[in-house]
Each structure stands twice: as structure tokens, then as C-alpha cells.
Amino acid sequence: TSFLFGSAQAAFDVNLTVDGSSVVDVGQFRGITVSYSWSSLPDPLTNAKIVIDLPAELDADSITDVLLSGSADVTSSVYDPVTRKVTYNFVDPLPSGSSGSVQFFVLFPDNAADGTLAAINATSSGTGQPDGSGSATLEANSPAATTITLAAIAGSTVGTAYNSSA
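All of these numbers come straight from a predicted model, not from anything done at the bench.

J.: Sorry, what's going on with the side chain of S40 here?
T.: Note that S40 resides in the loop between β3 (30-38) and β4 (49-53). Ignoring anything within four residues of it in the chain, the contact list for S40 reads A10, S96 and G97.

The structure is reproduced here in C-alpha cells:
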């Protein structure tokens, strides 16, 4: 008797986690940790990469608006402000059983409205394997503008001292 087993495809798993609160003060960087795992045994993964799409709600118009960190498995990490994509390219081939994390930092522009949501999506891929995906959402916290109203007291003008004990 002979048995024929098909090779099962495994995804290059990816998961995004916000470092700290998902509510972020405008103009302040917030980190996102990207955890990855290639657990297919015994095969390595060729052409492994993770691509992260940054939404228009984030301040990502300049290469300095997004900060990146890699890992021992990553050969390059690049942010392209034209496409608004972060790309992590991995060693080729990525050995079976590899796992770890990388990190990137983003921010809302100073003029973001309070409560603005930014959905960040990641896709992992490798040759001959289905894509994996992960996502995280950040929310802008914009401190309320302070308004100072000066009112004239009856019989006085602004800038004139008023004595209430008279």
C-alpha cells in the first residue's frame, strides 16, 4: 500500500500590536510591534517579506515621519513616502521555525481631529505560500484648544482695572 500526501501550505504569520495605548496624542510617535512566524517544517521560505500600508490619516509624507527597527532575520527595512508603504525583506531563504518581531513608529499630524482613526494593515508573503495579514488601529487624541474670552465689565474697558470694593 502506498500513500500520497499533498504538501500543506502554511502562511507566513504576521500580527500587529500597538505598544501602549491605541489612543495617541497628535504629534507624538507611537510604536507598532510586528510579530512574525514561519513555522512550516522542514521547508524554508523564499522571498519572505512583510509590507505595511500606512493610511492617509497618519503623518507619513516624509521619510523622517516613520521610524523603523529590524531584527536578525531582516535584511532591509524601507519606508517609501510616495506609496506610504513600509517593507521588511527577510533573509533568503527564511529558515523553518523562524519567528521574531520588528517595530515601526508613526504619528498623527498636529492638525488631526480628535478621534480620527488610522487603520494600519500588514501583509506577509513568500514564494508558493498564501499571504498572511494583520492589522492595528490608532486613534488621535487632540487636546481641546483653549479659548480665552475677555469681557468688558459694565462701566470699564478691557485693560482698565476694575475695583469691586467701591
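J.: Just checking my understanding: could you explain the sheet that holds strand β9 (residues 117-125) for this structure?
T.: Pairing between sheet strands relies on hydrogen bonds along the backbone, with the strands arranged either parallel or antiparallel. Overall, mixed pairing links the 6 strands, which are arranged β2-β10-β9-β4-β7-β6 in an open sheet. This sheet does not close on itself; its edge strands, each paired only once, are β2 (23-25) and β6 (74-80). Strand after strand, the sheet turns through a mean of 20° between neighbouring axes, direction not considered. In the sheet, β4 pairs with β9 via 5 bridges, with the strands oriented antiparallel. The partner of V51 across the bridge, within β9, is T123.

J.: Sorry, what's going on with unusual backbone geometry here?
T.: Across residues other than glycine, the phi torsion is negative in most instances, and most of the peptide bonds are trans. A cis geometry characterises the amide bond from D92 onward to P93, with omega recorded as 5°. Locating P93 in the fold gives a position in the loop between β7 (85-90) and β8 (98-106). The phi dihedral of N47 is positive, around 55°, even though this residue is not glycine. The partly exposed category is assigned to N47, whose relative accessible area is 48%. One non-glycine residue, R84, adopts positive backbone phi at about 60°. With respect to the helices, strands and loops of the structure, R84 is situated in the loop between β6 and β7.

J.: Any chance you could explain the pattern of salt bridges here in plain terms?
T.: When charged atoms on two side chains of opposite charge get close, those side chains can pair. Within the structure shown, the criterion is met by 2 salt bridges. Ionic pairing is found between K85 and D53, a salt bridge with its closest N-O pair at 2.3 Å. A residue pair is termed long-range when its members are at least 10 positions apart, and K85 in strand β7 and D53 in strand β4 qualify at 32 residues. Accessibility expressed as a relative area gives 30% for D53, which makes it partly exposed. Here D61 ties to R84 by a salt bridge, and the two come within 3.2 Å at their closest N and O atoms. Within this pair, whereas D61 is found in the loop between β4 and β5 (67-69), its partner R84 is found in the loop between β6 and β7, the two being separated by 23 residues in sequence. We classify D61 as exposed; its relative accessible area is 61%. Residue class for R84 comes out buried when judged on its relative accessible area of 14%.

Reading guide: rules and limits
- Residues numbered from 1 in each chain as written.
- Predicted model: local features only at pLDDT ≥ 70, side-chain atom pairs only at ≥ 80, totals over all residues.
- Heavy atoms only, no water.
- Helix = DSSP H or I, 4+ residues; strand = E, 2+ residues; numbered from the N terminus.
- Contact = heavy atoms within 4.5 Å.
- Pairing = 2+ DSSP bridges.
- Axes fitted to C-alpha atoms, helices over the stretch in contact; angles between N-to-C directions.
- Buried < 20%, exposed > 50% of the residue type's maximum accessible area, 1.4 Å probe, protein only.
- Salt bridge = Lys/Arg side-chain N within 4 Å of Asp/Glu carboxyl O.

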